[in-house]
Amino acid sequence: MLREALTDCLQALEAGDHPRARACAGRAALLADGLGPLAVANTHLVTGLVDHALGEVTRAVGRFSEAAERAAQHLCEPEGIQLFLHARRELASLHRVQGRYLRAEAILHEALAIADDHEPAPEDLAVFHNEFGMVCKYSGNFERAAASYDIALTLLETSDTADDLGLADVHHNIGGLAHARGDYAAAEAPARRAVAIRERALGPTHPEVAADRAALAPILMGLGRLEEAEVLLRDAMVTFEAAYGPAHYDYVIARGNLAALIHQLGHHEAAEDLYQQTLDALETSLGSEHPDLAPVLANLADLHRALGNPERARSLDTRAGAILTGAVRADHPTLGVLNT
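Residues numbered from 1 in each chain as written. Predicted model: local features only at pLDDT ≥ 70, side-chain atom pairs only at ≥ 80, totals over all residues. Heavy atoms only, no water.

With that settled, the discussion passes to the pattern of salt bridges. According to the stated counting rule, one finds 23 salt bridges in the structure shown. One salt bridge in this structure joins Glu131 and Arg96, with 2.8 Å as the shortest N-O distance. Taken together, the positions of Glu131 in helix H7 (residues 122-139) and Arg96 in helix H5 (residues 78-97) put the pair 35 residues apart, joining distant regions of the chain. The shortest N-O distance in the salt bridge between Arg225 and Glu188 comes to 2.4 Å. (Salt bridge = Lys/Arg side-chain N within 4 Å of Asp/Glu carboxyl O. Helix = DSSP H or I, 4+ residues; strand = E, 2+ residues; numbered from the N terminus.)

Below, the structure written as structure tokens:
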């Protein structure tokens, strides 16, 4: 009965039916009472996913923390270590989405040290390392990110039960890390592999395939292939708008990359308008201090320098640097550029 309630909850979440997910989570909590710590931990974990989807961040943090704490008492059991890693991963993911990258990195580092003394399933460890890689890319810990992605990829490629979507996720992120390092030539192949794998699995019109293509676009921009990049971005934006609406994060980020492309083409007025739309949308959805604002502010600063507005450019760079300070490592390359 409990497993059925939790499955119903996850299916409702996937379908976007949040009221039904909340109702199923409540039913699961009643069923879990008295069934043992792992049943309660699993229920806390799934309920935390519902809280997160509903934007109830503080409650989600509590749920994931409670799930990890209960599971930690049973790490010698396969279900215990699986639940522990999953709960810690979701907790770190929540902090990452909120822009608290260093906190997320610390959570995962501590969890991995504990997991090393046990034997988690390769698939669970692969998903964990993929999240660790994402967090470390955002924080600026690029070497650790690369190591985690390599581990995740090896685990998935040698597993008999890994699915293609997991491989697509890792290839997508390996490309993203190479892009963050400015190595666009190295970024292209894994980014294209992610597109190909996910397209085979989900079909060419799926929003997740559009997300892979949108991630490929800035890599092509770095390689000077602006025409192909523009087609990818505009097509992805059409898909995102139809699937999610224009306020969705994926649409907003794609619009910011389109602004950078138009800026690169020298169309300064149109680029400025798109940068400002992107900035406004991110501030509305994430707040005025989220690290995702920093690249847009830096790009807008570059635009104003090109337009002969050095004071405005300095103001934008100063704001971007203030946002990143404390959110990323002190040696993060973007922070270094802003501070020069």
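A word on the state of the cysteines. A complete count under the given rule lists 0 disulfides for this structure. The thiol sulfur of Cys9 is not disulfide-bonded, and the nearest other cysteine sulfur, from Cys24, lies at 5.8 Å. Residue class for Cys9 comes out buried when judged on its relative accessible area of 0%. (Disulfide = S-S within 2.5 Å. Buried < 20%, exposed > 50% of the residue type's maximum accessible area, 1.4 Å probe, protein only.)

On to the side chain of Thr278, then. Within the fold, Thr278 resides in helix H14 (residues 268-286). What Thr278 contacts, discounting residues up to four positions off in sequence, is Val252, Arg255, Gly256 and Val296. (Contact = heavy atoms within 4.5 Å.)

If you look at the biggest cluster of nonpolar residues, it comprises 60 residues, and the most contacted ones within it are Cys9, Phe64, Phe84, Leu85 and Phe128. Ignoring sequence-local partners within four residues, the contact set of Phe128 consists of Leu85, Arg89, Leu108, Ala111 and Leu112. Grouped together as the second largest cluster of nonpolar side chains are 48 residues, Leu232, Val252, Ala298 and Ala301 included. (Core = buried A, V, L, I, M, F, W, Y, C linked by side-chain atoms within 4.5 Å.)

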